[in-house]
Amino acid sequence: MREPLFRHPDEPSPLPDFCSLPVLFTLLVTGALAATVVWLAAGDHRDLSGYSVGILFVTWLALVIGVALCLLRTWLQRLPGHLPYLAAWLLIMPIVGAASWVAHGLDEALQMGLLRNGPAAFVRDNVLIAALLGAAILRYFYVAAQWRLRLAAVTRAQVEALQARIRPHFLFNSMNTVAALIPVDPVAAERTVEDLAELFRAALGQHEQGDGTLGEELGLIDRYLAIEQLRLGGRLRVQRELDDLPPGFPLPRLLLQPLVENAVRHGIQPLREGGVVTLCGACGSGAIEIEIANPLPASPTRGGSGHGLDSVRRRVAFRYGPRAAVRAGPEGERYVVSLRLPLEHGPSTSREDGDARADRR
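The rules behind these values
- Residues numbered from 1 in each chain as written.
- Predicted model: local features only at pLDDT ≥ 70, side-chain atom pairs only at ≥ 80, totals over all residues.
- Heavy atoms only, no water.
- Disulfide = S-S within 2.5 Å.
- Helix = DSSP H or I, 4+ residues; strand = E, 2+ residues; numbered from the N terminus.
- Salt bridge = Lys/Arg side-chain N within 4 Å of Asp/Glu carboxyl O.
- Buried < 20%, exposed > 50% of the residue type's maximum accessible area, 1.4 Å probe, protein only.
- Phe/Tyr/Trp six-rings, centres within 6.5 Å; stacked < 30°, edge-to-face > 60°.

Asks: Just give me the short version of the state of the cysteines, but keep the residues and values in it.
Replies: Under the criterion given, the structure shown has 1 disulfide. Sulfur-sulfur distance for the disulfide between C19 and C70 comes to 2.1 Å. Taking the sign of the S-S torsion, -115° for the link of C19 and C70, the bridge is left-handed. Remark: C70 occurs in helix 2 (residues 48–71) and C19 occurs in the segment before helix 1 (21–42); sequence separation between them is 51 residues.

Asks: Can you explain the pattern of salt bridges? Please cite residues and give values.
Replies: As a working rule, side chains carrying opposite charge can pair if their charged atoms are close by. Using the criterion set out here, one finds 6 salt bridges in the structure. With a closest N to O distance of 3.6 Å, E291 and R334 form a salt bridge. Highlighted residues: E291 in strand 5 (residues 287–295) and R334 in strand 7 (residues 334–342), separated in sequence by 43 residues. Residue classification places E291 among the partly exposed positions, given a relative accessible area of 25%.

Asks: Give a detailed account of the packing of aromatic side chains, specifying residues and quantitative values.
Replies: Ring pairs (aromatic) are described by centroid distance and by the angle formed between their planes. All told, the structure shown has 5 aromatic pairs when counted by the stated rule. Between the aromatic rings of F18 and F141, the centroid separation amounts to 6.1 Å while the plane-to-plane angle is 85°, which identifies the pairing as edge-to-face. You can see F18 sitting in the segment before helix 1 and its partner F141 sitting in helix 5 (residues 119–181), a full 123 residues away along the chain. Looking at F18, the relative accessible area reads 1%, which means it is buried. By relative accessible area, which is 6% here, F141 ends up buried. Consider the rings of F249 and Y320, whose centres lie 5.9 Å apart with planes at 10°: the pair is stacked. With F249 in the loop between strand 2 (236–241) and strand 3 (250–252) and Y320 in helix 9 (residues 307–320), the pair connects residues that are 71 residues apart, well separated along the chain. Residue F249 shares its accessibility class with Y320, and that shared class is buried.

Laid out in C-alpha cells, this is it:
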C-alpha cells in the first residue's frame, strides 16, 4: 500500500527505502570514502592490494547492511517516535562486528597477512567507525525526509491558496455571465450553472488528497474554458491537440488549470479581437510533453506576480524529480509554457480511460 504523502507534523518521518538505488549508492560511496581515508591516514600508500581488498570488503558490507535494513524496514517502521532510526543504528553495529570477525578469520585462514591487528582490535575499530558513520548517514536521511515532508506541506498549502484564489474569480465572473444569460437563453444559463458546479466540485474538493489524473485535469480545463467562452464569446478560440495523451497519467490536482487561466487572462482579455489558446500534447521518449500557448499583446500589459508559474515549477520538481522540466517565455508572437513530465507509470489502457477521453470530446 502506498504511504500517504502528507503526515502530521508531530509524526516521525519514515525510514528511507534501503533497497532503493539512491540509498544503496549513498551507503557504498560513504563506505568507500571511509576506507580511502583510513588507507591514507595509515601512510602505507604502496599497499594497493590491501586497499583494493578493503574497498571490496566495505562494498560487500554496505550491501549486506542495506539488504538487512530493507528486509527489516516494515518492522522498524512500527516503532514509535524516533526509535526506527535508533533501532537501525543499533542493527548496523552487530552486522559490522560479525562481518569483521569473519573477514579476519578468512585473512588468517588464507594467510594473506593483510590485517596486522588481532581479531578483537579489528572488530572493535570497525564497530566504532560503523557507529560514527551510521549515525551520520541516518541523520542525513532523517534531515532529508524532514525536508521532503516540509516541501510537501508547502506544496499542499500552495494548492489550497490557489483554490481560495479561484473561488472569487470564478464566482463573480460566472455569476455575471449566468445573470446575463437568464433572460435571453435560460438553457445556456442552466448549463453554465451545472458546469460551474462540476468545476467547483473538481477544483475545490478539499477532501481529495494526492494525485488526480491527466483526464480529470483536462476535464477541469474544459469546464473552465466553457464558462470563459460564454463570457468572452468569439474573442476566445481554443485549439486542442491532446488525443495522444494518456488520460490515466497521474498528475497533481490543479497543475494545468492555472496555466490555462493565465493564458486567457493575459493573452486573450487584453486583445480586442481576442485570439487562440493552443493546447498541445504528445507522448513519447519516456515522457509526455504539454504545451500551452497564447498570443502576446502588441503593447505591454500589466503582468501577474508570477506566483502561479513558480508554484507549478516547484510542484513539478517535487512530484516528478529532476527529469521533469517547465519552460516558459515568448516565442515569436506567442507566449508558450511547456511541461515535460516523465512517464513514471505506463499509459493506462483501461476502459475507464477511454471513457474519460470520450467524455472530453
